[in-house]
Amino acid sequence: MPSKSYLIDTSIILDDPENLIYLHENAKNLLFISDIVLEELDKKKTSSEVGFFAREFFRNISDHSAQDSKLCAKAKTRQSSLPSPKKGDFLRTMYYEAKQHTIPLIIIYRQQYQTKHLEYGLNDARIAEIAKDYNLTLLTNDLSLKIRSYARQIKAQSLFRDRVENPSDIDFWHKFLLHKDLPLNHIEKTKTFKSLSQWSLIQIDEQDNTDSSLYLTGKKYFGIKVGKHFEELMLDEVIKEAAPYVAPMNLEQKMLFCLLTHKRNIATIATGSTGSGKTLIALQAGIELFKREVVDGIIYLRNTVTANDKEAELGFRKGDEDQKLGYFMYPLYSAINFIIDSLRSSSLKNYLEYRGEVNTIHKEDATEHFLKKHNIQVVDIAHARGITIRKKFVIFDEVQNASNATIKLIGTRLGEESRIVFLGDWAQIDHPYLSKFRNGSVSLLQKAMYDDMIAGIQLRQTIRSSIAQWFGEAF
């Protein structure tokens, strides 16, 4: 007998259809889907991010009419434990097949819903109606639906898969004390250092001693763990040699720039709030790699989700694709314009060089020239699928609004000699089905803590105008 019976909401499938495999728990649980969810998924079969998952769901659905008798016998046994259909309802078992799993889904089709008309949330109310009538636990990542279900005394849960409880506690910096007479690599012998993952950020504080006590000299060394060894980073020398258009302003920004331009690092997650310099530093690191010919261009990706959008849909915006994408690319354009304005302040000669024609006066022209000069492409995430990204520096911005499935799909597009940096603010969630405890950025942060493949850093210092700082502190 199944231990739990779930009614699956649309949000669970749009997050990742493979959630069904996780929820099934090898036949431990029964999974139900209403005709309303099927209708919503059918409407989502567009070229967008959520459309991909909707299409993926339907591609893997089968009625198993030609399957072997063993599977049919299992289906009959399972049917005997199904609830009796309510008057006017039809129940039908279909199967979701993926990764060598066959997951039975019981479709509940209702001809006449009790909920007839609502100004808002009609579909949600009908899904909740099915859950109540069949005494099912409604599984949804739509928090508003979950709360409204609670109010109606309907059992409801969210999917806690990949949840990270305390993302603010994730820290990649590790401090060591070392006597001045010992070599820096002496820390490699310590148990603490050996337990660290690759790309851990290291700060060494130098000690000296008198006859009776130890004291800090004030000298500090910075570096990273690469393989099993400590590699010192002369941060200021690296920055001076690279000569980025705008110099990093604090230790965190310097370390991020050095991480992104390190010859062995191919994947990084960098989080921080607005004003921490994520996009600016990532852009300049990409430009440095482009100058060195490590990559032959930069690709900027960003989830097209806003606080007001139900999902990532570009189609309802005015203009062609470039104009529609422009609405969502302000972080990139802001970073470019900041660089251009900085060049103008420091040197008219540099400003004219990177602005374009000497007689141009429009900032749009300067931005366009900058994009072309450094081969920077802006790509819609939905169109990144089905291609292979070779020898590019990929900036995936606003990754907190991406599910793990989206990260996987983009990551598997990377070809030879490509690198990727994920940027985001895990506390600033606009996606309706994600939270600050469960989103792409915190999943990547958690993996970077223990996996040698990806580097991580949390930028905790913000650089804001005095008025922005006042609002941040006062409110």
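Residues numbered from 1 in each chain as written. Predicted model: local features only at pLDDT ≥ 70, side-chain atom pairs only at ≥ 80, totals over all residues. Heavy atoms only, no water.

1. Side note on the packing of aromatic side chains
Basically, it comes down to this: Two rings from Phe, Tyr or Trp (for Trp, the six-membered ring) form a pair when their centres are within 6.5 Å of each other. A pair whose planes differ by under 30 degrees is stacked, one over 60 is edge-to-face, and the rest are tilted. Helix numbers and strand numbers start at the N terminus; a helix is a DSSP run of H or I with at least 4 residues, a strand a run of E with at least 2. Only protein chains enter the accessibility calculation, which uses a 1.4 Å probe; a residue is then buried when its area is under 20% of its type maximum, exposed when over 50%, and partly exposed in between.
Summed over the entire model, instances satisfying the criterion amount to nine aromatic pairs. Each ring, one from Phe396 and one from Phe422, has its centre 5.7 Å from the other, and the planes form 40°; the classification is tilted. Placement of the pair is Phe396 in strand β15 (residues 393-397) and Phe422 in strand β16 (residues 419-424), with a sequence separation of 26 residues. Grouping residues by exposure puts Phe396 and Phe422 together as buried.

2. Considerations on the environment of Leu196
Counted only if it meets this: Should any heavy atoms of two residues lie within 4.5 Å, those residues are considered in contact.
Considering the arrangement of structural elements, one finds Leu196 in the loop between α8 (191-195) and β9 (201-209). Taking the C-alpha atoms as reference points, Leu196 and Met449, 253 residues apart in sequence, are found 8.3 Å from one another. Residue contacts for Leu196: discarding those within four places in its chain leaves His174, Phe176, Ile202 and Lys225.

3. Quick notes on the packing of helix α3 (residues 35-43) against helix α6 (residues 122-133)
This is how the line gets drawn: Fitted lines through C-alpha atoms give the axes, limited to the stretch in contact for helices. The angle between two N-to-C directions lies from 0 to 180 degrees. Three classes are used, and their members are as follows: Ala, Val, Leu, Ile, Met, Phe, Trp, Tyr, Cys and Pro are nonpolar, Asp, Glu, Lys and Arg are charged, and the others, Gly among them, are polar.
Where α3 meets α6, the closest approach of the two axes is 9 Å, and the angle between their N-to-C directions is 145°. On α6, the residues touching Ile36, Val37 and Glu40 of α3 are Asn123, Arg126 and Ile127. Taken together, the residues of the contact of α3 with α6 sort by class into three nonpolar, one polar and two charged.

4. Concerning the sheet that holds strand β12 (residues 267-272)
Within a sheet, neighbouring strands are paired by backbone hydrogen bonds and run either parallel or antiparallel to one another. So the rule is basically this: The pairing criterion for strands is at least two bridges between them, as found by DSSP.
Overall, parallel pairing links the six strands, which are arranged β14-β13-β15-β16-β12-β17 in an open sheet. Of all the strands in the sheet, the pair left with one neighbour each is β14 (376-380) and β17 (455-459). The average angle at which neighbouring strand axes cross in this sheet is 20°, direction not considered. Here five bridges tie strand β13 (residues 298-302) to β14, and the two strands are oriented parallel to one another.

5. A word on empty space enclosed by the protein
What counts is decided by this rule: A pocket, in this scheme, is an open set of points on a 1 Å grid over the protein atoms alone with protein on both sides within 12 Å along at least 5 of 7 lines, while a cavity is a set where a 1.4 Å probe fits but cannot get out; residues line either one if an atom lies within 4 Å of a point. Grid points are joined across faces, edges and corners, and a volume is the space filled by probe spheres set on the points.
The tally for this structure, following the rule as stated, stands at three cavities of 30 Å³ or more. Together, Ala242, Ala243, Pro244, Tyr245, Phe257, Gln284, Ile287, Glu288 and Lys291 line the largest cavity. Residue contributions to the lining of the largest cavity peak at four residues, all from helix α11 (residues 278-291).

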